[in-house]
Amino acid sequence: METIQFEIQEGVGTLILNRPTRKNAIDAVMREELKEVVFSLPQQRDLRALIITGAGGTFCAGGDISVMGAGTLAPEDGRHRMRHDYLSWIETLLRLEIPVISAVEGAAYGAGFSLALTADIVLADPTSRFCMSFMRLGLVPDCAAFYTLPRIVGTQRAKELAFSARELNADQAHALGIVLEVLPQGRVLERAQQMARCFAMAAPAALAMTKRAMNVSMNSSLDAMMDIEADAQAVARTSQWHTDAVQRFLNKKPSAFQWPGSLD
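Each value, and the rule that gives it
Residues numbered from 1 in each chain as written. Predicted model: local features only at pLDDT ≥ 70, side-chain atom pairs only at ≥ 80, totals over all residues. Heavy atoms only, no water. Helix = DSSP H or I, 4+ residues; strand = E, 2+ residues; numbered from the N terminus. Buried < 20%, exposed > 50% of the residue type's maximum accessible area, 1.4 Å probe, protein only. 1 Å grid on protein atoms, 1.4 Å probe; cavity = no way out; pocket = protein on both sides within 12 Å on 5 of 7 lines; lining within 4 Å. Points joined across faces, edges and corners; volume = space filled by probe spheres on them. Nonpolar A, V, L, I, M, F, W, Y, C, P; charged D, E, K, R; others polar. Salt bridge = Lys/Arg side-chain N within 4 Å of Asp/Glu carboxyl O. Phe/Tyr/Trp six-rings, centres within 6.5 Å; stacked < 30°, edge-to-face > 60°. Expected span 1.5 Å × (residues − 1). Contact = heavy atoms within 4.5 Å. Polar contact = N/O pair within 3.5 Å; in protein donor to acceptor, adjacent residues only side chain to side chain. Axes fitted to C-alpha atoms, helices over the stretch in contact; angles between N-to-C directions. Parallel < 35°, antiparallel > 145°, perpendicular 65-115°, else oblique. Left-handed = near helix turned anticlockwise from the far one by under 90°.

**Quick look at unusual backbone geometry**
Argument step 1. For Lys23, which is not glycine, the phi dihedral falls at a positive 55°.
Argument step 2. Among the structural elements, Lys23 can be located in the loop between β2 (12-17) and α1 (28-40).
Argument step 3. Unlike most non-glycine residues, Lys252 shows phi in positive territory, near 60°.
Argument step 4. Of note, Lys252 is situated in the segment after α10 (240-250).
Argument step 5. Classification of Lys252 by relative accessible area gives exposed; the value is 77%.

**With respect to the layout of surface pockets**
Argument step 1. Size it by volume and the largest pocket reaches roughly 1200 Å³.
Argument step 2. Along the wall of the largest pocket there are 37 residues; nearest its centre are Leu94, Thr118, Asp120, Lys211 and Asn215.
Argument step 3. Where the lining of the largest pocket is concerned, the elements lending two or more residues are α2 (75-95), β6 (121-124), α4 (145-153) and α8 (204-217).
Argument step 4. By residue number, the principal contributor to the lining of the largest pocket is α8, which donates nine residues.
Argument step 5. Among the residues making up the lining of the largest pocket, the classes are represented as 22 nonpolar, seven polar and eight charged.

**Looking at the pattern of salt bridges**
Argument step 1. Per the counting criterion, the structure on display carries 15 salt bridges.
Argument step 2. Of the charged contacts in the structure, one is a salt bridge between Arg19 and Asp27, with a shortest N-O distance of 3.6 Å.
Argument step 3. Asp27 gets classed as buried once you look at its relative accessible area, which sits at 14%.
Argument step 4. Asp85 serves as the salt-bridge partner of Arg31, at 3.8 Å between the closest nitrogen and oxygen. Here Asp85 lies in helix α2 and Arg31 lies in helix α1, a separation of 54 residues in the sequence.

**As for the packing of aromatic side chains**
Argument step 1. A complete count under the given rule lists two aromatic pairs for this structure.
Argument step 2. When the centroid spacing of 5.3 Å and the interplanar angle of 50° are considered together, the rings of Phe199 and Trp259 count as tilted. Taken as a pair, Phe199 in helix α7 (residues 188-200) and Trp259 in the segment after α10 lie far apart in primary sequence, 60 residues in all.
Argument step 3. Residue Trp259 is classed as partly exposed on the basis of its relative accessible area, which comes to 41%.

**Thoughts on α7**
Argument step 1. For α7, spanning 13 residues, the distance from its first C-alpha to its last is 18 Å, which sits close to the expected 18 Å at 1.5 Å a residue.
Argument step 2. Among the residues of α7, those classed as buried are Val188, Arg191, Ala192, Met195, Ala196, Cys198, Phe199 and Ala200.
Argument step 3. Elements in contact with the buried residues of α7: β2, β3 (49-54), β4 (100-104), β6, β9 (181-182) and α8.

**A few points about the side chain of Ser128**
Argument step 1. The residue Ser128 is located in the loop between β6 and β7 (129-131) in this model.
Argument step 2. Classification of Ser128 by relative accessible area gives buried; the value is 1%.
Argument step 3. Looking at Ser128, its side chain comes within polar contact range of the main-chain oxygen of Val104, at 2.8 Å.
Argument step 4. Contacts of Ser128, omitting those with residues within four sequence positions, involve Val104, Glu105, Gly106, Leu168, Asn169 and Ala170.

**Points about the packing of α8 against helix α9 (residues 222-236)**
Argument step 1. It is at 10 Å that the axes of α8 and α9 come closest, and there the two elements cross at 175°. Considering their axes alone, α8 and α9 lie roughly antiparallel with respect to each other. Between α8 and α9, the residues in contact are Met209, Ala213, Val216 and Ser217 and Met225, Ile228, Ala232, Val235 and Ala236, respectively.
Argument step 2. The residue makeup of the contact of α8 with α9, split by class, is eight nonpolar, one polar and no charged.

**Regarding the packing of α4 against helix α5 (residues 155-164)**
Argument step 1. Axis separation between α4 and α5 bottoms out at 7 Å; the angle between their running directions is 125°. Between α4 and α5, the crossing angle belongs to the class labelled oblique. Considering how the two elements wind past one another, α4 and α5 form a crossing that is right-handed. Of α5, the residues touching α4 (which contributes Leu149, Pro150 and Val153) are Thr155, Arg157, Ala158 and Leu161.
Argument step 2. In terms of residue class, the contact of α4 with α5 is built from five nonpolar, one polar and one charged.

And the structure:
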């Protein structure tokens, strides 16, 4: 592929945006390549965790403004393109049943910020900058940011970030709950790989059901969530992973799942 790299090693997929001379801005070629790769992910039976990152010290500067062109599409054509060329694969990312980690260095602007927010965990380093920059171009947030951002920071703060198009540094994004951890410069991908390898060792059914339940919890009632919990636990208890874990405990052996501590 011309603009992205993708590989799976030991259950961990790494998707790298690779247009470093354009700060990994999304053009038509990258858009189509992302769609192709992301649509393939649910069928990858050996995929247990996914890392999204960018080459050259930048995550993604958003859409490539140099090829946008103002006012060239009728509203109905623009809507179709947004739904078909972007939101279709963004929805697939959001619905993945495996953990997704965004490893952010440098700019995560516009659609790049939105792409980072599709992850379950966002990691950053001191060079990271986050910005809902759409208002600067007279546009609205896209790539599902209307869905993801309010659920992370709350409605009022999401409005402020979208209205103002102001930039957040890594510590500010961490304080708002956008970033889980701020790592030393140059070590974000290392930490993402450490976490992803851990997820690859976890019980896949339990992890998938936990993620799905968390994702629907904010739109569900207490009764609905208790039903989801009861059903999921009943399934999880039948897994070989659970049986083996109980046996390891009884035999005083360490669990196969061990969350990694912080980087040294």
